[in-house]
Amino acid sequence: MSRSLNSSKLLDNNQFVFLTRPEYFEELVKRLRLTKPGDRFLLITHTFNADEPAVANLIEALVEAARRGVSIKFAIDERSFPILQSLPLNSKQQNLILIGRQALQKLDEAGVIYSITNKSYKRLVNSFAGRSHIKLAIINDDVYVGGCNLDDKGKIDMMVRW
């Protein structure tokens, strides 16, 4: 964690903790590995790129936790699966959608409950209209909120935990 922002411990709930995108991904994985049966985890994102190594690592941690009996809920904006949003899809878009769907299937098989939100039922609509852009994680009673999507961990963004 960046010492210039905050120097608290991983599970210190007495203050706000600011996390960079890489720190956020790393902390979620560490926290998921500490969960036990009956614990709760909620994850909401606007963008989901399962091909990103940090996100793939998080997916594995979610699968492991769900198999241990942790209650996991996951919501992803439909923008990550733009079947109706842009026609025709190029091969990179098609591949990202395929990898994302495979990740969701893996999560589903492990017992993760997921939902794709803000579904568009019209072709060629404004892909940003009606989006909530929520980025949130809750692990038991700890809340993370900010701007980090589940995509490229090299992007500059922050989350706050309390």
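Here, the structure is the one placed above.
No experiment lies behind these values; they were computed from the predicted model shown. (Residues numbered from 1 in each chain as written. Predicted model: local features only at pLDDT ≥ 70, side-chain atom pairs only at ≥ 80, totals over all residues. Heavy atoms only, no water.)

Digging into the pairing of strand 3 (residues 71-77)
Okay, step 1: Burial within strand 3 is extensive, with five of its seven residues counted as buried.
Okay, step 2: By the bridge criterion, six bridges tie strand 2 (residues 40-45) to strand 3 in an arrangement that is parallel. Of the residues in strand 3, the one forming a bridge with Ile-44 is Ala-75.
Okay, step 3: A crossover connection joins strand 2 to the parallel strand 3 through helix 2 (residues 53-67); in handedness this β-α-β unit is right-handed.
Okay, step 4: Pairing between strand 3 and strand 4 (residues 113-117): five bridges, direction parallel. Among the inter-strand pairings, Ala-75 is bridged to a residue of strand 4, identified as Ser-115. (Buried < 20%, exposed > 50% of the residue type's maximum accessible area, 1.4 Å probe, protein only. Helix = DSSP H or I, 4+ residues; strand = E, 2+ residues; numbered from the N terminus. Pairing = 2+ DSSP bridges. Right-handed = clockwise from strand over helix to strand, strands pointing away.)

Let's talk about the packing of aromatic side chains
Okay, step 1: Scanning the model with the defined rule gives four aromatic pairs in all.
Okay, step 2: Look at Tyr-24 and Tyr-144: their rings are 5.9 Å apart centre to centre, the planes differ by 55°, and that puts the pair in the tilted class. In this pair, Tyr-24 sits in helix 1 (residues 21-34) while Tyr-144 sits in strand 6 (residues 142-146), placing the two residues 120 residues apart along the sequence. The pair Tyr-24 / Tyr-144 is uniform in exposure class, with both members buried.
Okay, step 3: Ring centres 5.4 Å apart and planes at 75° place the aromatic pair Phe-48 and Phe-74 in the edge-to-face group. Residue Phe-48 is located in the loop between strand 2 and helix 2, and its partner Phe-74 is located in strand 3; the two are separated by 26 residues in the primary sequence. (Phe/Tyr/Trp six-rings, centres within 6.5 Å; stacked < 30°, edge-to-face > 60°.)

Regarding the packing of helix 1 against helix 2
Okay, step 1: Relative to each other, helix 1 and helix 2 sit at 15°, their axes nearing to 9 Å. Classified by the angle between their axes, helix 1 and helix 2 sit roughly parallel to one another. Every pair of crossing elements has a handedness; the one defined by helix 1 and helix 2 is left-handed. Contact residues: helix 1 offers Phe-25, Leu-28, Val-29, Leu-32 and Arg-33, while helix 2 offers Ala-54, Val-55, Asn-57, Leu-58, Ala-61, Leu-62, Glu-64 and Ala-65. (Axes fitted to C-alpha atoms, helices over the stretch in contact; angles between N-to-C directions. Parallel < 35°, antiparallel > 145°, perpendicular 65-115°, else oblique. Left-handed = near helix turned anticlockwise from the far one by under 90°. Contact = heavy atoms within 4.5 Å.)

Topic: the pattern of salt bridges
Okay, step 1: Scanning the entire structure with this criterion turns up eight salt bridges.
Okay, step 2: One salt bridge connects Lys-36 with Asp-39, and the closest N-O pair in it is separated by 3.7 Å.
Okay, step 3: Shared partners join several salt bridges into a network, and the residues in it are Arg-21, Asp-151, Lys-155 and Asp-157. (Salt bridge = Lys/Arg side-chain N within 4 Å of Asp/Glu carboxyl O.)

Quick look at the sheet that holds strand 1 (residues 17-20)
Okay, step 1: Read from one edge of the open sheet, seven strands run 1-7-6-5-2-3-4, paired in mixed fashion. Sheet topology places strand 1 and strand 4 at the edges, where each strand pairs with a single neighbour. Across this sheet, the average inter-strand angle for adjacent strands is 15°, counted without regard to direction.
Okay, step 2: On the sheet, helix 1 packs against strand 1, strand 2, strand 3, strand 5 (136-139), strand 6 and strand 7 (158-161) and is oriented at approximately 110° with respect to strand 1.

A few points about helix 3 (residues 91-110)
Okay, step 1: For helix 3, with 20 residues, the first-to-last C-alpha span of 29 Å sits near the 28 Å given by 1.5 Å per residue.
Okay, step 2: Within helix 3, the full set of buried residues consists of Ile-97, Ile-99, Gly-100, Ala-103, Leu-104, Leu-107 and Ala-110. One side of helix 3 carries all its buried residues, which in axial view fall inside an arc of 165°. Turned more than 90 degrees away from the buried face of helix 3, the exposed residues are Ser-91 and Glu-109.
Okay, step 3: Measuring from the backbone nitrogen of Lys-92 back to the side-chain oxygen at the start of helix 3 gives 3.0 Å, which picks out Asn-90 as the cap. (Expected span 1.5 Å × (residues − 1). Arc of directions from axis to C-beta. Polar contact = N/O pair within 3.5 Å; in protein donor to acceptor, adjacent residues only side chain to side chain.)

Note that all results are geometric; they support no functional claim without further evidence.
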